[in-house]
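If you want the building blocks of each chain, they are given just below.
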Amino acid sequence: VSSKQKETSSTTGMRDSVETSPLLQHRAQTVVPGRILQMEEAIRNRDFASFARLTCADSNQFHAVCLDTSPLYST
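Residues numbered from 1 in each chain as written. Predicted model: local features only at pLDDT ≥ 70, side-chain atom pairs only at ≥ 80, totals over all residues. Heavy atoms only, no water.

Novice: Could you give an account of helix H3 (residues 48–68), with specific residues and numbers?
Specialist: Under the 1.5 Å per step criterion, the end-to-end length of H3 is 30 Å for 21 residues, consistent within 8% with the ideal 30 Å. Packed against the buried residues of H3 are helix H1 (10–20) and helix H2 (22–44). (Helix = DSSP H or I, 4+ residues; strand = E, 2+ residues; numbered from the N terminus. Expected span 1.5 Å × (residues − 1). Contact = heavy atoms within 4.5 Å.)

Here it is, written out as structure tokens:
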């Protein structure tokens with residue numbers, strides 16, 4: 001925890017991901033729509049194991065998006 005301002009804001013980091021990460025584009029077009037349906041079903045069925053598995057998979061994939069992002073530098 002730090003009161004110091006981050007080097008890269010969340011908004012800037014997300015913009016960089018949108019502009020440079022093919023994985024983010026794939027997630028938005030292919031993965032997320034189905035994942036939302038699966039999570040809604042897990043919630044309706046009170047299936048915590050499935051909900052937890054899907055949440056972990058989504059978290060891991062979003063971390064992969066961060067690794068797939070190239071920083072953009074202003075000139």
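Novice: Talk me through unusual backbone geometry; I want residue IDs and the actual numbers.
Specialist: Not every positive phi belongs to a glycine, and Arg46 is a case in point at roughly 50°. Counting through the fold element by element, Arg46 comes out in the loop between H2 and H3.

Novice: Go over the environment of Cys66 with me, naming the residues and quoting the values.
Specialist: By the secondary structure assignment, Cys66 is in helix H3. The class of Cys66 is partly exposed, set by a relative accessible area of 45%. When the C-alpha positions of Cys66 and Ser21 are compared, they lie 8.1 Å apart, and in sequence the two are 45 residues distant. (Buried < 20%, exposed > 50% of the residue type's maximum accessible area, 1.4 Å probe, protein only.)

Novice: Outline the pattern of salt bridges, listing residues and values.
Specialist: Under the counting rule described, the total for this entry stands at 2 salt bridges. A salt bridge links Arg27 to Asp58; the shortest N-O distance between them is 3.0 Å. In this pair, Arg27 is assigned in helix H2 and Asp58 in helix H3, connecting sequence segments 31 residues apart. Looking at Arg27, the relative accessible area reads 6%, which means it is buried. For Asp58, a relative accessible area of 23% gives the class partly exposed. By sharing partners, the salt bridges in this structure join Arg27, Arg35 and Asp58 into a single network. (Salt bridge = Lys/Arg side-chain N within 4 Å of Asp/Glu carboxyl O.)

Novice: Tell me about the side chain of Ser21, residues and numbers included.
Specialist: As for its position among the elements, Ser21 is in the loop between H1 and H2. With relative accessibility at 1%, the residue Ser21 sits in the buried group. Within the local environment of Ser21, its side chain forms a polar contact with the side chain of Asp68, the two groups lying 2.7 Å apart. (Polar contact = N/O pair within 3.5 Å; in protein donor to acceptor, adjacent residues only side chain to side chain.)

Keep in mind these values describe shape, not function.
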